[in-house]
Amino acid sequence: MGTMLATGSDVVSFLEQQHQDIKNLFERVRNASGEERTREFQALRRLLAVHETAEEEIVHPVARRVLADGEAIIDKRLSEENEAKKALAELESLDIDSNEFNLKFRKLNEDVLAHAESEEREEFARLSDALDQSKLERMRKAAALAEKFAPTRPHPGIESPVANILAGPFAAMVDRMRDALGKKA
Ligand SMILES: [Fe+2]
Ligand SMILES: [Fe+2]
């Protein structure tokens, strides 16, 4: 692991690409202000909801079963993910251009990147070794479904649960994502 070029066809390269996209969105929020910052923050919340739901529904349960110390590793990752959800709920209640937002956002940024690094090192790399290619590809397809449920630009005029997935606070977004994914995956 680590020497293979990311083709995007397996779940590990797919999620690692999302980690990179999340990192870029954190930077875009930090470099923006006002309405632009609100838009970038919404894009970040969307991607975090898509990404963490795919991990929690599809990847962590497998890692828990197949990795030697899977239980302990996944418990740690889940508690980090819950911390991030709490931090996002706090950020949602703050003025987006305030000093308090900046401080808390910087902390979340650091925590989420550390979380992603732990996943790549302790979980994804080892899953790549433990699972065969066809399983990794099937998991990628299931993870990619989460993206479909949360289109970046919903089609106008379509009134469906899909269009509502991204409404409201982050915790509610995640609940609806999980519902949608649970029915299809
Ligand atoms: Fe995660
Ligand atoms: Fe992740």
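Structural data are supplied above this passage.
Here the structure is a predicted model, which is why all the values come from computation and not from measurement.

Conventions and cut-offs
Residues numbered from 1 in each chain as written. Chains lettered and ligands numbered in written order. Predicted model: local features only at pLDDT ≥ 70, side-chain atom pairs only at ≥ 80, totals over all residues. Heavy atoms only, no water. Axes fitted to C-alpha atoms, helices over the stretch in contact; angles between N-to-C directions. Helix = DSSP H or I, 4+ residues; strand = E, 2+ residues; numbered from the N terminus. Parallel < 35°, antiparallel > 145°, perpendicular 65-115°, else oblique. Left-handed = near helix turned anticlockwise from the far one by under 90°. Contact = heavy atoms within 4.5 Å. Donors = N, O, S within 2.8 Å, 3.2 Å for Na, K, Ca; no water. Tetrahedral: all angles 85-135°; square planar, octahedral: opposite > 155°, others 65-115°. Expected span 1.5 Å × (residues − 1). Buried < 20%, exposed > 50% of the residue type's maximum accessible area, 1.4 Å probe, protein only. Polar contact = N/O pair within 3.5 Å; in protein donor to acceptor, adjacent residues only side chain to side chain.

Colleague: Pulling in residues and values, what's your account of the packing of helix H3 (residues 70–92) against helix H4 (residues 99–130)?
Modeller: Across the interface, H3 lies against H4 with an axial gap of 10 Å and an inter-helix angle of 160°. On the basis of the axis angle, H3 is roughly antiparallel to H4. The two elements H3 and H4 meet at a crossing, and its hand is left-handed. Where H3 approaches H4, its residues Ile 73, Ile 74, Arg 77, Glu 80, Glu 81, Ala 84, Ala 87, Leu 88, Glu 90 and Leu 91 are matched on the opposing element by Phe 101, Lys 104, Phe 105, Leu 108, Val 112, His 115, Ser 118, Glu 119, Glu 122, Glu 123 and Arg 126.

Colleague: With reference to specific residues and values, describe the coordination of the iron ion (ligand 2).
Modeller: Six octahedral donors around a metal ideally subtend angles of 90 or 180 degrees, whereas four tetrahedral donors ideally subtend 109.5 degrees. With distances of 2.0 to 2.2 Å, the protein atoms coordinating the iron ion (ligand 2) are His 19 (NE2), His 51 (NE2), Glu 55 (OE) and Glu 119 (OE). Because the angles between the four donor atoms bound to the iron ion (ligand 2) fall within 80 to 170°, the donor set is best described as irregular. Sequence spacing of the donors to the iron ion (ligand 2): H-x31-H-x3-E-x63-E. Separating the iron ion (ligand 2) and the iron ion (ligand 1) is a distance of 3.3 Å, and Glu 55 donates to both of them. Of this pair, His 19 sits in helix H1 (residues 11–31) while His 51 sits in helix H2 (residues 34–66); the two residues are 32 residues apart in sequence, bridging distant segments of the chain.

Colleague: Report on H1, specifying residues and quantitative values.
Modeller: Over its 21 residues, H1 runs 30 Å from end to end, which matches the ideal 30 Å to within 8%, given 1.5 Å per residue. Among the residues of H1, those classed as buried are Val 11, Val 12, Ser 13, Phe 14, Leu 15, Gln 18, His 19, Ile 22, Leu 25, Phe 26 and Val 29. Lining the buried residues of H1 we find H2, H4 and helix H5 (133–149). In this structure Asp 10 caps H1, since a side-chain oxygen of it lies 2.8 Å from the backbone nitrogen of Val 12.

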